[in-house]
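Reading the structure
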Amino acid sequence: IGALVCTIAAYLLRTRREGSLYTACAIVLCSLTTTLIRNPYSVPTPSAPETFYATITSYPTTTAESRWQRCDAQVDYRGTKRKIILHADTAITLTIGERGLLTGYLNPLSEESYGRLMSRRGYVGELWATSPTSWQPTSEPTAKSLQIVGRRMQHAMVERIERLGL
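To start, this report covers the structure provided alongside it.

Following the criterion strictly, the structure yields one aromatic pair and no others. On the basis of an interplanar angle of 90° and a centroid distance of 5.1 Å, the ring pair of Trp68 and Trp128 is categorised as edge-to-face. In this pair, Trp68 is assigned in strand E2 (residues 68-77) and Trp128 in strand E5 (residues 123-129), connecting sequence segments 60 residues apart. Its relative accessible area of 30% is what places Trp128 among the partly exposed residues. Lying over the aromatic face of Tyr123, Lys83 brings its terminal NZ or CZ to 4.7 Å of the ring centre.

What follows deals with the environment of Thr23. Relative to the helices and strands, Thr23 resides in helix H2 (residues 18-37). Taking C-alpha positions, Thr23 is 9.2 Å from Ile8, a pair spaced 15 residues apart along the chain.

Ranked by size, the top nonpolar core spans 18 residues in total, and within it Ile56, Ile84, Leu86, Leu94, Leu102, Leu127 and Trp135 carry the most contacts. Among the secondary structure elements, those contributing two or more residues to this core are strand E1 (50-56), E2, strand E3 (80-89), strand E4 (99-108) and E5. If you tally residues by element for this core, the top one is E2, at four residues.

Parameters and conventions
- Residues numbered from 1 in each chain as written.
- Predicted model: local features only at pLDDT ≥ 70, side-chain atom pairs only at ≥ 80, totals over all residues.
- Heavy atoms only, no water.
- Phe/Tyr/Trp six-rings, centres within 6.5 Å; stacked < 30°, edge-to-face > 60°.
- Helix = DSSP H or I, 4+ residues; strand = E, 2+ residues; numbered from the N terminus.
- Buried < 20%, exposed > 50% of the residue type's maximum accessible area, 1.4 Å probe, protein only.
- Lys NZ or Arg CZ within 6 Å of the ring centre and 35° of its normal.
- Core = buried A, V, L, I, M, F, W, Y, C linked by side-chain atoms within 4.5 Å.

Right under this line is the structure:
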């Protein structure tokens, strides 16, 4: 109601100095309203491992002492495509654009600040692929998505800059 009142007041007072204040209030209240109305996708707590059809959408990253690699993936979850954070064993070879069957536990994101941030970015959960048999590629890496093409180009440019020592 406050967003509607501020929007009407801003329109009626658009030629006066107070109109700017009402416009700013209307923008803030409208953005808060859309944030509160937005229904985040929820993921039930897993009881057994599930199998998903997935596409790797980012390059895997890992640290020297870690046995886990992290990347983004898009999974077909109950008939819709959802973004997830994939944690996979380093024994699993992941390539951007690769499609395959992924078996594991899809855990919901935490309710703390990082989980809320990732929910706002469109992620629905984290999946842990704990064994090399968790990932079964079904096709060669594909570049059908502009996002994947862009990330491949960026990765190639970064490697080139590192080789040149710039």
